[in-house]
Amino acid sequence: KVSKYLDWFKSDTDKNVELISIRQLLTHSAGIVRDGDTQHWYDDKFPTLEQIKAKVKIGLTVFQPLERFKYSNFGFAILGEVIKAIGGETYNDYVTKHIIEPLGLTHTFPDLDETNEKLLVSGYSKDVPGKDRYTFSKVKTYAMSPAAGFMSSASDMAKFLSSSFIGSGKLLTDESKLEMQRIHWHRGENNDHYGLSYETWLVNNHRIFGHGGGFQGYMSKCGLDLTNKIGVQILTNSIDSQPWKLMNGIY
């Protein structure tokens, strides 16, 4: 249970909160809200930890845990706090120390700051006939960084994807990777299911594991063909790109 590690993870009105497990958050089966109450996708003001705690206190769930699949960025913000509670350092520091540095990722960062902002390409709006695209502001994600903060490059992502293959000897044990990369939640939507954090789907009856990301001005998709040990990463800097179509087309 998440409440085993976070003493503030409880609600006066929502008794489902204390039932929620780490595995449910990883598989988006906890039944909680997608993004909380803040309007960060519109006003660029991502929530602080205190705002996260305040939302937890008044209630999170819209379904019973394990009732159905419901995607939640908010859940991954909470998982970042679980990592902090167990690991003894902030999520950003932990992933830097245990993922970014061991893999030698020189252009990967868990959130925006004044030292890496200049490395980030501009993100553009969608294409509207008769109008110029405009650029979005570059914003820091604060307590939502475990869900939305990461920045990287194509070459760094290639190193990361390579480390995810069974037998690479990097980051996690093969047992842990196999546990992440098996189906935990059958969504029943065109063979699109979930492992632990991984989305998995079929291309020509061949199963791919990966995930996508969307942010103001950016869209991305990564995928792993575990059988043939091929990884593909699509990074784009416009909000109306369709990287999943490029991904499936490549495979």
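Just above sits the structure.
Residues numbered from 1 in each chain as written. Predicted model: local features only at pLDDT ≥ 70, side-chain atom pairs only at ≥ 80, totals over all residues. Heavy atoms only, no water.

Asker: Please explain the packing of aromatic side chains as it appears in this structure.
Answerer: One pair of aromatic rings is described through two measures. These are the centre distance and the angle between the planes. On inspection of all chains with the given rule, the structure shows seven aromatic pairs. Aromatic side chains F46 and F215 sit 5.7 Å apart centroid to centroid with 5° between the ring planes, which places their arrangement in the stacked category. Taken together, the residues span a long stretch of sequence, with F46 in the loop between α2 (40-43) and α3 (49-58) and F215 in strand β4 (residues 206-215) at a distance of 169 residues. F215 matches F46 in its accessibility class, with the two residues each being buried. (Phe/Tyr/Trp six-rings, centres within 6.5 Å; stacked < 30°, edge-to-face > 60°. Helix = DSSP H or I, 4+ residues; strand = E, 2+ residues; numbered from the N terminus. Buried < 20%, exposed > 50% of the residue type's maximum accessible area, 1.4 Å probe, protein only.)

Asker: Can you help me understand the pattern of salt bridges in this one?
Answerer: Two side chains bearing opposite charge may form a pair once their charged atoms approach each other closely. A complete count under the given rule lists nine salt bridges for this structure. For R23, the salt bridge is made with E179, and the minimal N-O distance between the two is 3.1 Å. Taken together, the residues span a long stretch of sequence, with R23 in helix α1 (residues 22-26) and E179 in helix α8 (residues 174-180) at a distance of 156 residues. Since its relative accessible area comes to 43%, R23 is described here as partly exposed. Ionic pairing is found between K53 and E50, a salt bridge with its closest N-O pair at 3.9 Å. You can see K53 and its partner E50 sitting in helix α3, three residues apart, about one turn around the helix. Where salt bridges share partners, they join R23, E179 and R182 into one cluster. (Salt bridge = Lys/Arg side-chain N within 4 Å of Asp/Glu carboxyl O.)

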